[in-house]
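Listed here are the chains, written in short residue letters.
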Amino acid sequence: MPDSIIDTLKKEIEGFDREIRSEKIGKVLEVGDGIARVSGLSGAASQEMLDFETSNGVIKGIAFNLEEDNIGAIILGDYLKVKEGDVVRPTGRVLSLRVGDELIGRVVNALGEPQDGKGPIFKSGAAEVFYPVDRIAPGVTARESVNTPLHTGIKAIDSMIPIGRGQRELIIGDRQIGKSSIVIDAIINQGKETRYSRPICIYVAIGQKESKVAKIVDTLTKAGAMEYTVVVSAPSSSPSSLWFLAPYAGCTIGEYFMHQGKDALVIYDDLSKQAWAYREMALLSRRPPGREAYPGDIFYVHSRLLERAARLNKENGGGSLTAIPIIETQLGDVSAYIPTNVISITDGQIYLEPELFNQGMRPAVNVGLSVSRVGSAAQTKAMKKVAGKLRLELAQFRELAAFAQFASDLDEGTKKRIQRGKILSQVLKQGELQPMPFERQVAAIFAATNGYFDDIDSEKALEISYQMLGYMDKMHQGVFAEILKSGEISKETEEKLKRAISEFKDSNHE
Ligand SMILES: Nc1ncnc2c1ncn2[C@@H]1O[C@H](COP(=O)(O)OP(=O)(O)O)[C@@H](O)[C@H]1O
Ligand SMILES: [Mg+2]
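Residues numbered from 1 in each chain as written. Chains lettered and ligands numbered in written order. Predicted model: local features only at pLDDT ≥ 70, side-chain atom pairs only at ≥ 80, totals over all residues. Heavy atoms only, no water.

Chemist: Pulling in residues and values, what's your account of the overall build of the chain?
Modeler: In terms of regular secondary structure, the chain is built from 15 helices and 17 strands. If you line up the chain on its principal axes, its C-alpha atoms span 105 × 60 × 40 Å. For the chain, contacts bridging at least 24 residues in sequence account for 73% of all contacts bridging at least 6. As displayed, the chain offers around 23,800 Å² of accessible surface, 52% of which is attributable to carbon and sulfur atoms. Between the mean site of the 63 positive side-chain charges and the mean site of the 68 negative ones, the chain shows a separation of 3 Å. (Helix = DSSP H or I, 4+ residues; strand = E, 2+ residues; numbered from the N terminus. Contact = heavy atoms within 4.5 Å. Areas by Shrake-Rupley, 256 points an atom, 1.4 Å probe, with all protein chains shown as cover. Lys, Arg positive; Asp, Glu negative; His and termini not counted. Charge placed at Lys NZ, Arg CZ, Asp CG, Glu CD.)

Pasting the structure below:
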């Protein structure tokens, strides 16, 4: 018995490998405003996660500015707890996020930690899947062209500035003009999508007041939309580093669903605030400021993020990630640095205008200045059919209306076109929290562009269009079903649609 113990010991000693491992640890040189200068970590990788071992426990950080003799690190927690001389341990991992279906319905921060008081997101024992927060966008060979609509439920957008799955469409405008309302409605509308698969939505709130985010979550919950939505929140009270990281976290979660072969929609509300946060971080870590004091690579920050939106081809699972970034302008100035950057990176923009908003033309979409560069390829035939005429007539109306202000007497043709334009503008109005499925949009726009509302007071056109849809619900359900199923307006359907509208008008006049 003792012999065998000795044998074992001998074996162990022979096998002893005298490998000396050196572990690099750093030391905090100085700390302030969420940024720490750390010595002794010259080998750290960009975006490598660091552990700050403070007297108050471990606080996470990431390597941000890599310089020769020291590095600038972002502290991702309460930086007041980090003190000069604290030990900093590199983790060897770049910043990553745990992902999974369990995120659906949850509110998380930029590090993926729950913020909704509903306990841990992942059950212990479940497979742990980590995704790097920064990832190279899929290459062209993995992509397919955008060909499926992402219906927002907003008439003016789905008809004239359609968004396709995998596209990047910017929403831009001043503050308090309905930008957030549009995207909230778009999320809610995904729950009503019956023609295509329902996308998973990720709403990223950047630098918004906590109370506002809570209100949005409440709205989404009441609408049943949290069943397919993840909210990533970096509220105004959180450090700027988290404002900066939140969009990446949202994008990463979206990528996870895209890689599952699903469609995902990520909304960044808004990237102006992310740019401010980045500027602050860069200035604090003493990077040289460029235009408008933003660091020189701010363009790269936004393009790298938005490039990750994609429609993958079949060989790569066929999933998609659609991105809707929001940019807030100051006094409508779209030529400022950040707006021009993001306009040039995206596949189109929806431009919201204060004058329209104040006149009550809401959503305040300026159709003339808005475009979607890939959208119409991703529109149903039915929508394409009614939308072409709509765009044209509205463009003519805008021209005529400007000119008619100065003309005393107008010929009949001009008057008619102006009346039609007014009706169309009214029919495109839409209150909040009333997203409309595309087959209903098609019917309403069909009626307006085919002159069925020409004889009514334009101020009443919106109300009448809703009444008409209500009448069709009761008497002609089949027409909606046909448009929904086929995605087209066949000759036969068109006849039925015309009959339904005429019948409604007759019944309305009695
Ligand atoms: N379609 C709409 N109809 C009526 N009111 C709207 C509409 N869209 C937005 N609003 C109102 O306008 C205000 C600003 O909207 P919000 O979406 O928060 O603007 P932003 O995100 O551009 O700051 C809110 O009070 C909202 O209720
Ligand atoms: Mg907003």
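Chemist: Account for the site of ligand 1, naming residues and giving values.
Modeler: Near ligand 1 you find 14 residues, and of these Gln-176, Lys-179, Ser-180, Ser-181 and Glu-432 are the closest. Ser-181 places a polar side-chain atom, nitrogen or oxygen, 2.6 Å from an oxygen atom of ligand 1. Here a nitrogen atom of ligand 1 sits 2.9 Å away from a polar atom, N or O, in the main chain of Gln-430. Alone, ligand 1 offers 560 Å² of accessible surface; in the complex the protein occludes 75% of this. When residues of the shell around ligand 1 are assigned to their parent elements, the largest contribution, 3 residues, is made by helix α3 (residues 179-190). Considering only residue class, the shell around ligand 1 consists of 3 nonpolar, 6 polar and 5 charged. If you count residues domain by domain, the shell around ligand 1 takes at least three from each of domain 2 (98-379) and domain 3 (382-509). (Near = heavy atom within 4 Å. Polar contact = N/O pair within 3.5 Å; in protein donor to acceptor, adjacent residues only side chain to side chain. Nonpolar A, V, L, I, M, F, W, Y, C, P; charged D, E, K, R; others polar. Domains from an automatic or database assignment.)

Chemist: Run through the nonpolar core, naming residues and quoting values.
Modeler: If you look at the biggest cluster of nonpolar residues, it comprises 76 residues, and the most contacted ones within it are Tyr-203, Leu-220, Phe-453 and Met-468. The two domains that each donate at least three residues to this core are domain 2 (98-379) and domain 3 (382-509). Setting aside chain neighbours within four positions, we find Met-468 in contact with Ala-443, Ala-444, Ala-447, Phe-453, Ile-501 and Phe-504. Core analysis: the next-biggest nonpolar cluster, separate from the first, contains 63 residues, Leu-95, Ala-264, Tyr-268 and Leu-312 among them. (Core = buried A, V, L, I, M, F, W, Y, C linked by side-chain atoms within 4.5 Å. Buried < 20%, exposed > 50% of the residue type's maximum accessible area, 1.4 Å probe, protein only.)

Chemist: I'd like to hear about the packing of helix α6 (residues 271-284) against helix α7 (residues 298-306), residue by residue, with values.
Modeler: At a minimum axis separation of 11 Å, α6 and α7 run at an interaxial angle of 135 degrees. With respect to each other, α6 and α7 are oriented oblique. The two elements α6 and α7 cross, and the hand of that crossing is right-handed. Together, Leu-271, Gln-274, Ala-275 and Tyr-278 of α6 and Ile-298, Val-301, His-302, Leu-305 and Leu-306 of α7 make up the contact between the two elements. The class makeup of the residues in the contact of α6 with α7 is 7 nonpolar, 2 polar and no charged. (Axes fitted to C-alpha atoms, helices over the stretch in contact; angles between N-to-C directions. Parallel < 35°, antiparallel > 145°, perpendicular 65-115°, else oblique. Left-handed = near helix turned anticlockwise from the far one by under 90°.)

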